Amino acid sequence: MHENVQTVEKAIVIAVGKKSSDREAVFEQLDELENLVNTAGAEVIEKIYQELDSPNPATAIGRGKVEELKQLIEDEKIQLVVFDDELSPSQIKNLNSELQVKIMDRSSLILDIFSKHAKTVEAKTQVELAQYQYLLPRLSKMWTHLSKQYGGVGTKGPGETQIETDRRVIRRRIKQLKEKLEQISVQRKEQQKRRSAITRFALVGYTNAGKSFLMNLLTKANVLVEDKLFATLDTTVRSYRFESGRKILISDTVGFIRKLPAHLIASFRSTLSEALESDLLLHLVDVSHPQFRDHIAAVNETLKQLKILDKETILILNKIDLLEDPSILKSLKKEFPGSVAISAKRGINISKLLEIMESKAKSNTDNY
Ligand SMILES: Nc1nc2c(ncn2[C@@H]2O[C@H](COP(=O)(O)OP(=O)(O)OP(=O)(O)O)[C@@H](O)[C@H]2O)c(=O)[nH]1
Ligand SMILES: [Mg+2]
């Protein structure tokens, strides 16, 4: 749906929070938003945090801040402003006409990244579905302003076709996309049925936790590993054989993030079906990240939305090579009993992890 990035756009990221908010957490969230903006191909020039008791219904930020922004946009030649929280259609409209630059919120930014990273037919179909679902409720307000407002990073606006489209056309397209995904999911179910006798592990976790790295280490799957958000948008399944000869399947899939748009999660059900259908989850966490506890909560929240509730889960504390002080590891083990601490990169504790996985696989098949 979007063109490629031609020039690096300059961006501002903004968060609005209550006076009582934990400032450190808010700035971490702004850092994450900056990371998302970079991943989408733009450069963050300024990070702004405004404390307000409640967001301004017209412009999210206060009147004075809007004026301040205008000046900054002019001085720094800013082309994009991204808000951490979801904006209402009228807020987008007002901000756009005041500031005369592209306005995005976290949801539309994530959608933009997904659309850029989608490679397979399945991922592309799911992203397109999510984009239309994001657009549909915003259509009435955004209608005449669509050309200016709905566009990804590095694009001037939507494709020409979108401007001309009306709801009916979009609804029809949504229906087609859903049918296409249904077909893909039937094929996937067939494959899954054929493999049902073997215990299946699904890697899940926050984006950039190291899922694909661990997948490659264990199975030589050769999936893409990158120090960027949402490197993986597909699902890869590979078999692994323990030294005893016992075989299991491991899947690697799309990572999660806080405030992942609900329609995006819904659209990705097909890709996530491997996790939905698995016997056990391997929940991988990057414990070197200062906000990793929030990451665990965000992943659990997403699993809940996907109705993956009581699946047996092994919590894997990854990237322990980056912990500065060994005493941190000790207290983490106390805090997360039953977890296993590893470094996929340095190969630390992998045999311990495999031992736990094998014993879980054994009791899983014994239950048949
Ligand atoms: N220092 C360190 N880096 C690691 C470790 N494991 C993975 N990484 C790095 O973390 C980054 C992200 O790894 P990926 O495997 O792509 O992460 P992912 O969880 O698959 O991320 P998404 O596909 O975006 O959801 C890469 O740069 C890896 O090299 C580890 O144990 N220690
Ligand atoms: Mg990955």
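Quick caveat: nothing in here was measured; it's all calculated off a predicted structure.

About the cut-offs
Residues numbered from 1 in each chain as written. Chains lettered and ligands numbered in written order. Predicted model: local features only at pLDDT ≥ 70, side-chain atom pairs only at ≥ 80, totals over all residues. Heavy atoms only, no water. Helix = DSSP H or I, 4+ residues; strand = E, 2+ residues; numbered from the N terminus. Buried < 20%, exposed > 50% of the residue type's maximum accessible area, 1.4 Å probe, protein only. Areas by Shrake-Rupley, 256 points an atom, 1.4 Å probe, with all protein chains shown as cover. Donors = N, O, S within 2.8 Å, 3.2 Å for Na, K, Ca; no water. Near = heavy atom within 4 Å. Polar contact = N/O pair within 3.5 Å; in protein donor to acceptor, adjacent residues only side chain to side chain. Nonpolar A, V, L, I, M, F, W, Y, C, P; charged D, E, K, R; others polar. Pairing = 2+ DSSP bridges. Expected span 1.5 Å × (residues − 1). Arc of directions from axis to C-beta. Contact = heavy atoms within 4.5 Å. Axes fitted to C-alpha atoms, helices over the stretch in contact; angles between N-to-C directions. Phe/Tyr/Trp six-rings, centres within 6.5 Å; stacked < 30°, edge-to-face > 60°. pLDDT = per-residue confidence, 0-100.

A. Quick peek at the overall build of the chain. A tally of helices and strands in the chain yields 15 helices and 10 strands. Split into buried and exposed, the 368 residues of the chain put 54% on the buried side. Per element, the accessible surface of the chain, about 17600 Å² overall, is 48% carbon and sulfur.

B. Region of the structure containing the coordination of the magnesium ion (ligand 2). At 1.9 to 2.1 Å from the magnesium ion (ligand 2) lie its protein donor atoms, namely Ser212 (OG) and Thr232 (OG1). Here serine 212, found in helix α10 (residues 211-219), pairs with threonine 232, found in the loop between α10 and β6 (236-241); they are 20 residues apart in sequence, far enough to count as distant. Across the pair, threonine 232 and serine 212 agree in class, each one buried.

C. Representation of the site of ligand 1 within the structure. Taken together, 23 residues surround ligand 1, and among them Thr207, Lys211, Phe213, Thr232 and Asp321 come closest. A distance of 3.1 Å is found between an oxygen atom of ligand 1 and a backbone nitrogen or oxygen belonging to alanine 209. Take glycine 255: an N or O atom from its main chain is 3.5 Å from an oxygen atom of ligand 1. Protein chains bury 94% of the 650 Å² of accessible surface belonging to ligand 1 in isolation. Its residues assigned to classes, the shell around ligand 1 shows eight nonpolar, eight polar and seven charged.

D. Layout of the sheet that holds strand β9 (residues 312-318). Spatially, six strands are ordered β6-β7-β5-β8-β9-β10 in an open sheet, and the strand pairing comes out mixed. This sheet does not close on itself; its edge strands, each paired only once, are β6 and β10 (340-341). Sheet topology note: the β9/β10 ladder contains two bridges and is parallel. Residue pairing in the sheet places leucine 317 in a bridge with alanine 341 of β10.

E. View of helix α2 (residues 63-76). Between its terminal C-alpha atoms α2 stretches 20 Å, which fits the 20 Å expected from 14 residues at 1.5 Å a residue. Inspection of α2 places Lys65, Val66, Leu69, Leu72 and Ile73 among the buried residues, and these make up the whole buried set. Viewed end-on, α2 has its buried residues packed into an arc of 125 degrees, placing them on one side of the element. On its buried side, α2 packs onto β1 (10-17), β2 (43-51), β3 (80-83) and α3 (89-99). Among the residues trailing α2, lysine 77 stands out with phi positive, at a value near 55 degrees.

F. How the structure looks around the pairing of strand β5 (residues 199-205). β5 sits mainly inside the fold: seven of its seven residues count as buried. Residue alternation in β5 divides its side chains into two sets, Thr199, Phe201, Leu203 and Gly205 and Arg200, Ala202 and Val204, and both sets are buried. For β5 and strand β7 (residues 247-252), the ladder comprises five bridges, and the chain directions are parallel. Within β7, the position partnered with phenylalanine 201 by the bridge is isoleucine 250. Two strands pair when backbone bridges link them, and β5 and strand β8 (residues 280-286) are joined in this way by five bridges, in the parallel orientation. Looking across to β8, one finds that glycine 205 is bridged to leucine 284.

G. Local environment of the sheet that holds β3. The four strands are arranged β2-β1-β3-β4 in an open sheet whose pairing can be described as parallel. Here the strands that pair on one side only, and so sit at the sheet edges, are β2 and β4 (102-105). Shown here is a sheet whose adjacent strand axes are inclined to one another by a mean of 20 degrees, direction ignored. Sheet strands touched by helix α1 (residues 23-40): β1, β2 and β3. Its angle to β2, the strand with the most contacts, is close to 150 degrees.

H. The arrangement of the packing of aromatic side chains in detail. Within this structure, the stated rule accounts for five aromatic pairs. Centre to centre, the rings of phenylalanine 114 and phenylalanine 268 are 5.2 Å apart; their planes meet at 90 degrees, and the pair counts as edge-to-face. Of this pair, phenylalanine 114 sits in helix α4 (residues 106-117) while phenylalanine 268 sits in the loop between α11 (262-267) and α12 (273-277); the two residues are 154 residues apart in sequence, bridging distant segments of the chain. Using a relative accessible area of 2% as the deciding quantity, one classes phenylalanine 114 as buried. By relative accessible area, which is 2% here, phenylalanine 268 ends up buried. Three or more aromatic residues link up through ring pairs in this structure, and these residues are Phe114, Phe230 and Phe268.

I. Seen up close, the confidence of the model for the chain. In this model, the chain carries an average pLDDT of 88, and 90% of its residues clear a pLDDT of 70 or more. The model gives residues 156-160 a pLDDT under 50, and that stretch makes 11 contacts with residues more than four places away or in other chains.

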